[in-house]
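The residues making up each chain are set out below.
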Amino acid sequence: MGSKVLKIDGLNVYYDQSHILKDINLSFAENTVTAIMGPSGCGKTTLIRTINRMHEFTHGARTEGSIKLYGKDLHQIDPILVRRKVGMVFQKPNPFPTMSIYDNVIAGYKLNGFKLSKIEKNSIVEGSLVKAALWDEVKDNLYKKGAFLSGGQQQRLCIARALAMNPEILLFDEPTSALDPIATDRIEQLINELKAGLTIVLVTHNIAQAARVSDYTAFLYLGELIEFGTTKKMFTTPKNKKTEEYLNGKFG
Amino acid sequence: MINKLAMNSFSGDQSFKFILLSSAAFILMLVAGIVITLYYYSSLSLSTFGLEFITGSTWDPVSGEYGILPFLIGTLLTSIIALVISFPLSLIITIFIGEYFTTGMPNTLMRGAVELLAGIPSIIYGFWGLFVLVPIVREFQILFDIAPYGVGIFTSAIVLAIMIIPYSASIGYEVIGLVPKELKEAAYSLGATRYEVIKNVTLSYSGSGITAGVLLSFGRALGETMAVTMVIGNSNLLPGSIFGPGNTMASLIANEFTEAANELYLSALFETGLILFIVTAVINILGKIIIKKFVSGTK
């Protein structure tokens, strides 16, 4: 059990009049995978978007409560810095179509106007692609456009791009929902390997996926955190009736 | 009963299709007709002067000399300068409407202003140019010790620049609205600032679409007649400087068609029209092709 990287206390999120998340208390332990599951519209995506402050781009978003990253209030840190420390992988693979694979990996540095030497760049690109288990497949085509890769490869490229920034936390927002079973399997293996170096929060629609890859699971329903605990415990002996019904496919 | 209903709707469908097809054919014939007429009336001038019509720099109907180089240059100069002036302005409007204020009061206001700009009749631009802009330009020319014409190529370019802003801006904000949200979010999630996202994602992704908008506004500038005629000075000589008077192909035709007493004169004016038509058509088609490519690229 590692220490707590991120601690969410009494979090409420509103979009204009609608109350999306209600009094969420949750913390994420270092080097673990936490799955956030629940039916559509339960606030899963909103929850992880508050962790890298991406929710601020939604018009009329408002939060109450505290989120602490290594004990420091997230809202006291510059959102730009927050997003470098908390990386994100999206539902649909979204490599930059105008950039080569190489440039996609170091896109974070390029966008921020960081000047890197050729050697630094090369080592970041290779290191990140190796970590994302994509290096062997693309090492001969680094200067080709990322858009020619398969969906699963594109998603791993996006993971490499996020890893290149050396984040403490990596958020995955239903990363395999647009992928076929084989590509999904590779991403799940990858999540398993990556947790040695960082903390992972995985939003998923797929109960079986939560069971396969996560150490902890949080179950959200209608904006409330119904249950949180180790995945093993929740899937074998859920405390809450709602959780049990969800796990048995009664709704969702 | 049912059969009768079916029959009726069938024949209605047929006649509707017929109306559609014949209207479409009519429009095609209209365009073809215009091109053919232009060519037909130009043929005398085409066979008399050949290429010299374009390379000749003397336009003297009295002695029967017709060279449109001064007007060709005048047209291109005014339009290019107009483009240079309007581009940064329309880019700013594009970003304002398409990226910063996509909803709400500022958006409505700005959009409305741009649409209004497009709706102003060109005679009013010309009128405004002549009575407001020309005196101001003249003051500056006195200040910088340039012959104080007031009217001229530069003045028309300013008027044109304002007139074409709506064309490039409206295409611009439609185009940057098509930049996928996922890409912008990807950039934000890597810690990019709003400016960095606009510069490196939005604009780099929509560059070709914005270029197309600029091209289309260029096409518009090339053919604009009334407002330019009023402020360009209508000199039939090669322009000596951009601050002096000049003339464009469109204003030449507008100014002289009533005076074209003989057949060759009229034919020369028609050929001018033909050339103007070809130049604007090429620019427009080029712009449309780029936009089409861009839109199919976003899917």
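In the block above lies the structure referred to throughout.
Note that this is a predicted model, so its numbers are computed, not measured.

(A) Fine view of the overall build of chain A. Across its full length, chain A holds 11 helices and 10 strands. Taken over C-alpha atoms, the radius of gyration comes to 18 Å for chain A, in line with the 18 Å a tight globule of 252 residues would show. In terms of overall dimensions, chain A has C-alpha extents of about 55 × 40 × 35 Å along its principal axes. The buried share of chain A, reckoned over its 252 residues, is 52%. Sequence separation of 24 or more characterises 68% of the internal contacts of chain A that already satisfy a separation of 6 or more. Across chain A, the mean location of the 32 positive side-chain charges is 2 Å away from that of the 26 negative side-chain charges.

(B) Main features of the pairing of strand S9 (residues 216–221) of chain A. Residues and elements named next belong to chain A. Where burial is concerned, most of S9 is hidden: 5 out of the 6 residues are buried. Of the pairings in the sheet, the one linking S9 to strand S10 (residues 224–230) comprises 6 bridges and is antiparallel in character. When the bridges of S10 are listed, Thr217 appears paired with Gly229. Following S9, the chain reverses through 2 residues before pairing antiparallel with S10; Leu222 in that reversal takes a positive phi of roughly 50°.

(C) View of the interface of chain B and chain A. Contacts between the two partners involve 16 residues from chain B, matched on the other side by 23 residues from chain A. Summed over both partners, the interface of chain B with chain A buries about 1,700 Å², with 65% contributed by carbon and sulfur atoms. Taken as a group, Glu185, Ser189 and Leu190 of chain B account for 36% of the area that chain B buries against chain A, more than any other trio of residues on that side. On inspection of chain B and its partner chain A, the count reaches 2 salt bridges. Where Lys92 of chain A meets Glu182 of chain B, a salt bridge forms, and the shortest distance between an N and an O atom there is 3.6 Å. Applying the counting criterion to the chain B and chain A interface returns 2 residue pairs in polar contact (both at pLDDT 80 or more). Elements with a contribution of two residues or more to the side of chain B that touches chain A: helix H7 (181–189) and helix H8 (194–223) of chain B. Among the elements that take part in the side of chain B that touches chain A, H7 of chain B stands out by supplying 7 residues, more than any other. Its residues placed into classes, the side of chain B that touches chain A shows 8 nonpolar, 5 polar and 3 charged.

(D) Local environment of the pattern of salt bridges. If you walk through the whole model with that rule in mind, you get 13 salt bridges over all chains. The closest approach of N and O atoms between Arg49 of chain A and Glu185 of chain B, which form a salt bridge, is 2.5 Å. Here Glu185 of chain B lies in helix H7 and Arg49 of chain A lies in helix H1 (residues 44–51), a pairing that spans two chains. The pair Arg49 of chain A / Glu185 of chain B is uniform in exposure class, with both members buried. The network of salt bridges with common partners includes Glu137, Arg156 and Arg186 of chain A.

(E) Highlighting the packing of aromatic side chains. According to the stated counting rule, one finds 19 aromatic pairs over all chains in the structure shown. Summarising the aromatic geometry, the rings of Tyr102 of chain A and Tyr143 of chain A are spaced 5.3 Å apart at their centres and angled 25° between planes, so their arrangement reads as stacked. Of the two residues, Tyr102 of chain A sits in helix H3 (residues 101–105) while Tyr143 of chain A sits in the loop between helix H6 (135–138) and helix H7 (151–163), which places them 41 residues apart along the sequence. Residue Tyr102 of chain A is classed as buried on the basis of its relative accessible area, which comes to 4%. Between Tyr109 of chain A and Phe114 of chain A, the aromatic rings sit 5.7 Å apart at their centres with planes inclined by 65°, giving edge-to-face as the arrangement. Judged by its relative accessible area of 12%, Tyr109 of chain A falls in the buried class. Among the aromatic residues, those joined into a ring-pair cluster are Phe49, Phe53, Trp59, Tyr66, Phe71 and Tyr265 of chain B. Lying over the aromatic face of Tyr14 of chain A, Arg62 of chain A brings its terminal NZ or CZ to 4.4 Å of the ring centre. One Lys or Arg, Arg194 of chain B, reaches over the ring of Tyr100 of chain B and ends 4.1 Å from the middle of that ring.

(F) Up close: the packing of H7 of chain A against helix H8 (residues 181–194) of chain A. Residues and elements named next belong to chain A. Across the interface, H7 lies against H8 with an axial gap of 9 Å and an inter-helix angle of 20°. With respect to H8, the element H7 is oriented roughly parallel. The interaxial crossing formed by H7 with H8 has right-handed handedness. Of H8, the residues touching H7 (which contributes Gly152, Gln155, Arg156, Ile159 and Leu163) are Ala183, Arg186, Ile187, Leu190 and Leu194. Class assignment for the residues of the contact of H7 with H8 results in 6 nonpolar, 2 polar and 2 charged.

(G) Geometry of the side chain of Lys195 of chain A. All names here are of chain A. Along the chain, Lys195 turns up in the loop between H8 and strand S8 (199–204). Judged by its relative accessible area of 18%, Lys195 falls in the buried class. With residues near it in sequence (within four places) discarded, Lys195 still touches Asn31, Thr32, Val33, Ile200 and Asp215.

(H) Expanded view of the nonpolar core. Residue and element names in this part refer to chain A. Ile8, Ile36, Leu47, Phe96, Leu129, Ile159 and Leu170 are the most contacted members of the largest nonpolar core, which totals 83 residues. It is strand S1 (residues 4–15) that contributes the most residues to this core, 6 residues altogether. Those residues in contact with Ile159, other than ones at most four positions away along the chain, are Val89, Ala132, Leu170, Phe172, Ile187, Leu190 and Leu194.

Parameters and conventions
- Residues numbered from 1 in each chain as written.
- Chains lettered and ligands numbered in written order.
- Predicted model: local features only at pLDDT ≥ 70, side-chain atom pairs only at ≥ 80, totals over all residues.
- Heavy atoms only, no water.
- Helix = DSSP H or I, 4+ residues; strand = E, 2+ residues; numbered from the N terminus.
- Rg over C-alpha atoms; globule rule 2.2 N^0.38 Å.
- Buried < 20%, exposed > 50% of the residue type's maximum accessible area, 1.4 Å probe, protein only.
- Contact = heavy atoms within 4.5 Å.
- Lys, Arg positive; Asp, Glu negative; His and termini not counted.
- Charge placed at Lys NZ, Arg CZ, Asp CG, Glu CD.
- Pairing = 2+ DSSP bridges.
- Buried area = accessible area lost by both parts, 1.4 Å probe.
- Salt bridge = Lys/Arg side-chain N within 4 Å of Asp/Glu carboxyl O.
- Polar contact = N/O pair within 3.5 Å; in protein donor to acceptor, adjacent residues only side chain to side chain.
- Nonpolar A, V, L, I, M, F, W, Y, C, P; charged D, E, K, R; others polar.
- Phe/Tyr/Trp six-rings, centres within 6.5 Å; stacked < 30°, edge-to-face > 60°.
- Lys NZ or Arg CZ within 6 Å of the ring centre and 35° of its normal.
- Axes fitted to C-alpha atoms, helices over the stretch in contact; angles between N-to-C directions.
- Parallel < 35°, antiparallel > 145°, perpendicular 65-115°, else oblique.
- Left-handed = near helix turned anticlockwise from the far one by under 90°.
- Core = buried A, V, L, I, M, F, W, Y, C linked by side-chain atoms within 4.5 Å.

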